[in-house]
Amino acid sequence: MKKQAKWGFSLLGIGLFALTACSGEDAGTSEDGEVTLTLWNRYPELRVPFDELIANFEEEHPGIKIEKQDLPLGSHEAQFQTALSENQLPDLFTTAADLRELVDVGAVHSLNEVFTDDVKDQFYEGTWGENFTELDGDVYVFPFVSPQSGAFILYYNQDVFDQLGLTEEDVPETWAELQELGTYIYEESDGAIHALSWNNEAWSNEGVMNQMATAISPDTAWRHDFKVGLPSYATPGLIETAEYLKTLFDDGVMTPNSMEVDTAAAEASFIAGQSAFWISGNWTGTQLVQSNGFENWEVAPMPTKDGSPYYYPAGRQVDGMHVNANTEHWEEAKTFLEYSLDHLHEELYVKTGTAIPAKMDVGGEAPYPQYEDIKQLQEELAITIPKPEQRNLETIEFQRDVSSRREFTGVGEPVVGYLSGAIPDIEAQLKEMDSTAKEIFEATLEDHPDVSIDDFIFPNWEPFTPYTLDDYEELE
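The present account deals with the structure reproduced in this document. Source: prediction; values computed, not measured.

The rules behind each value
Residues numbered from 1 in each chain as written. Predicted model: local features only at pLDDT ≥ 70, side-chain atom pairs only at ≥ 80, totals over all residues. Heavy atoms only, no water. Helix = DSSP H or I, 4+ residues; strand = E, 2+ residues; numbered from the N terminus. Rg over C-alpha atoms; globule rule 2.2 N^0.38 Å. Buried < 20%, exposed > 50% of the residue type's maximum accessible area, 1.4 Å probe, protein only. Contact = heavy atoms within 4.5 Å. Areas by Shrake-Rupley, 256 points an atom, 1.4 Å probe, with all protein chains shown as cover. Salt bridge = Lys/Arg side-chain N within 4 Å of Asp/Glu carboxyl O. Pairing = 2+ DSSP bridges. Axes fitted to C-alpha atoms, helices over the stretch in contact; angles between N-to-C directions. Core = buried A, V, L, I, M, F, W, Y, C linked by side-chain atoms within 4.5 Å. Phe/Tyr/Trp six-rings, centres within 6.5 Å; stacked < 30°, edge-to-face > 60°. Lys NZ or Arg CZ within 6 Å of the ring centre and 35° of its normal.

Re the overall build of the protein
Inference 1: Within the protein, the secondary structure is distributed over 18 helices and 15 strands.
Inference 2: For 476 residues, the compact-globule estimate of 2.2 N^0.38 gives 23 Å, and the protein sits close to it at 23 Å.
Inference 3: With the principal axes as the frame, the protein shows a C-alpha extent of 75 × 55 × 40 Å.
Inference 4: Out of the 476 residues belonging to the protein, those deemed buried represent 57%.
Inference 5: Sequence-distant contacts in the protein: of pairs separated by 6 or more residues, those separated by 24 or more amount to 78%.
Inference 6: In the form shown here, the protein has an accessible surface area of approximately 19,600 Å², with 44% of it arising from carbon and sulfur atoms.

See the structure below:
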């Protein structure tokens, strides 16, 4: 999927109150006993697939209707907040809101009846975790996408390769190879083609930076060092990666308008053959084929400094569905969830090729042949890492407090500023952020006596080795 926008507000600010159902018996049950469930969908790419899933469900269950509303981009956060504050949540809804907050305000229904231990075993490793899909061991989220989805990979334009006499063997694995190939592509095309499309959006620069940097500084996963327990914004990996990207931009390996265009425009440049490579996520295959009719492309891992592997921290964000805690129609909602267990992942993800479904061994035919290659890369590159909240639930509120005290979130915006020339010294900038982040972290610890730095130190974690529930038990 495209960058996932999150609900940008604190549910706790609304107050801890008992939510009442928006779909009461009068509103949701007709005179002949037919029940209507309301469903809010926040994912634009799932609008049509959801319609097909619902139509098939209603055909098999004529006594239950699903009334779906697709939330508009840009205003869905405000719509959700208003519904929550006015006790008007639908029966079912998709959201990326913080699970702890949703549970604290009584907004979501336990799904334990649906997700028994046997059912949970059908899902990918890492799908179930505290403040992710569960809280205090209770399930609250119907997971859509595998925690292995999310790694950035290299797409290459086969038309450009054919035009310039390049083969799969020429796909760069190291930074030096990309630099050299960039010069060759530019010269052979008489300046018409650049090696790499890029864009000025912080979210994608953030993803590329943090993942590419793990090949150099593997101990630090997404700006946190689990060996010392502190945030880390100035690792050699992040600094060297930023400096390398700047070299690519200054030397013309990136398209010259890289700091002026957004993701869509950069992707269009790749499709048009104005660049040979495009770095993006698993969602891009569907966009290339179904949205743009471009099929002649392939995928590979991103190049790293010396060709060493990189990784993506699996399960950083959950995509899924909740049930309103106070729905008048839990039995009917449960029937829809049970039907979805057998059909949703194929209909919404395999058939569309949008992402890897959270459930394993899902059947169905993908809409383009490269789907399996993307799926394999995602599974190889994603690694489950330690999660402090799995060890101590009180770290959830602590980390929320830390985030509220920082004026910055990640390295995406600074690197955009560095590439454009607005920030002259990225190493100094990252070191300043690093110092500030550590100070805030340590100061916040003083306000949370039920949290200690030990909750964030995982001495038994080995980078590139998935961190499992057994590993947490070893620490006890």
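Focus on the pattern of salt bridges
Inference 1: Within the structure shown, the criterion is met by 18 salt bridges.
Inference 2: Lys-334 serves as the salt-bridge partner of Glu-113, at 2.9 Å between the closest nitrogen and oxygen. Here Lys-334 lies in helix α12 (residues 330–350) and Glu-113 lies in the loop between α4 (99–104) and α5 (117–120), a separation of 221 residues in the sequence.
Inference 3: Overall, Lys-334 belongs to the buried group, its relative accessible area being 13%.
Inference 4: For Lys-351, the salt bridge is made with Glu-347, and the minimal N-O distance between the two is 3.6 Å.
Inference 5: By relative accessible area, which is 37% here, Lys-351 ends up partly exposed.
Inference 6: According to the relative accessible area criterion, Glu-347 is buried, its value standing at 10%.
Inference 7: One salt-bridge network, held together by shared partners, links Asp-98, Glu-101, Glu-397 and Arg-400.

Some thoughts on the sheet that holds strand β2 (residues 64–70)
Inference 1: Strand order in this open sheet of 5 strands is β2-β1-β3-β14-β6, and the pairing throughout is mixed. Each edge of the sheet is formed by a strand with only one pairing partner; in this case those strands are β2 and β6 (142–143).
Inference 2: Strand direction decides the pairing type here: strand β1 (residues 35–41) and strand β3 (residues 92–94), joined by 2 bridges, are parallel. Paired with Leu-39 across the two strands is Leu-92, which belongs to β3.
Inference 3: Each of β1 and β2 is contacted by helix α2 (residues 47–60), which is oriented at about 170° to β2, the strand it contacts most.

Quick word on the nonpolar core
The tendency in soluble globular proteins is for nonpolar side chains to be buried as a group.
Inference 1: Membership of the largest hydrophobic core comes to 74 residues, with the highest contact counts inside it found for Tyr-155, Ile-185, Trp-198, Leu-245, Phe-277, Ile-279 and Trp-297.
Inference 2: Sort the elements by how many residues they give to this core and helix α9 (residues 236–250) lands first, with 6 residues.
Inference 3: By size, the runner-up hydrophobic cluster in this structure holds 35 residues, among which are Leu-53, Ile-54, Phe-144 and Met-321.

Structural notes on the packing of aromatic side chains
Inference 1: Per the stated rule, a full pass over the model turns up 31 aromatic pairs.
Inference 2: Measuring from centroid to centroid gives 5.0 Å for Phe-57 and Phe-336, while their planes differ by 80°, and the two rings are edge-to-face. Within this pair, whereas Phe-57 is found in helix α2, its partner Phe-336 is found in helix α12, the two being separated by 279 residues in sequence. Per residue, the accessibility class of Phe-57 equals that of Phe-336, and both read buried.
Inference 3: When the centroid spacing of 4.9 Å and the interplanar angle of 85° are considered together, the rings of Tyr-467 and Tyr-472 count as edge-to-face.
Inference 4: Ring pairing ties together the aromatic residues Tyr-43, Phe-50, Phe-115, Phe-123, Trp-128, Phe-142, Phe-144 and Tyr-349, which thus form one cluster.
Inference 5: Here Lys-120 stacks its cationic end above the ring of Trp-128, 5.5 Å away from the centre of that ring.
Inference 6: Looking at Arg-391, its charged tip hangs above the ring of Phe-458, at a distance of 4.9 Å from the centre.

Things to note about unusual backbone geometry
Inference 1: Its identity is not glycine, yet Trp-222 carries a phi of approximately 55°, on the positive side.
Inference 2: Following the sequence through the fold, Trp-222 ends up in the loop between α8 (202–213) and β9 (224–225).
Inference 3: Judged by relative accessible area, which is 13%, Trp-222 ranks as buried.
Inference 4: In the Ramachandran plot, Phe-464 falls in the positive-phi region, its phi being about 75° despite a non-glycine side chain.

Here's the deal with the environment of Gly-33
Inference 1: Looking at the element boundaries, Gly-33 is found in the loop between α1 (25–28) and β1.
Inference 2: Sequence spacing of Gly-33 and Gln-81 is 48 residues, and the spatial spacing of their C-alpha atoms is 31 Å.

Topic: the sheet that holds strand β7 (residues 153–157)
Inference 1: With mixed pairing, 4 strands are arranged side by side in an open sheet as β8-β11-β7-β12. Across the chains shown, the open sheet's two edge strands, defined by having one partner strand only, are β8 (194–197) and β12 (297–300). The average undirected angle you get between the axes of adjacent strands in this sheet is 25°.
Inference 2: Bridge count between β8 and strand β11 (residues 275–280): 3 bridges; the pairing is parallel. The partner of Leu-196 across the bridge, within β11, is Phe-277.
Inference 3: Of the strands in this sheet, β8 and β11 touch helix α7 (residues 175–188), which is tilted by about 120° from β8.

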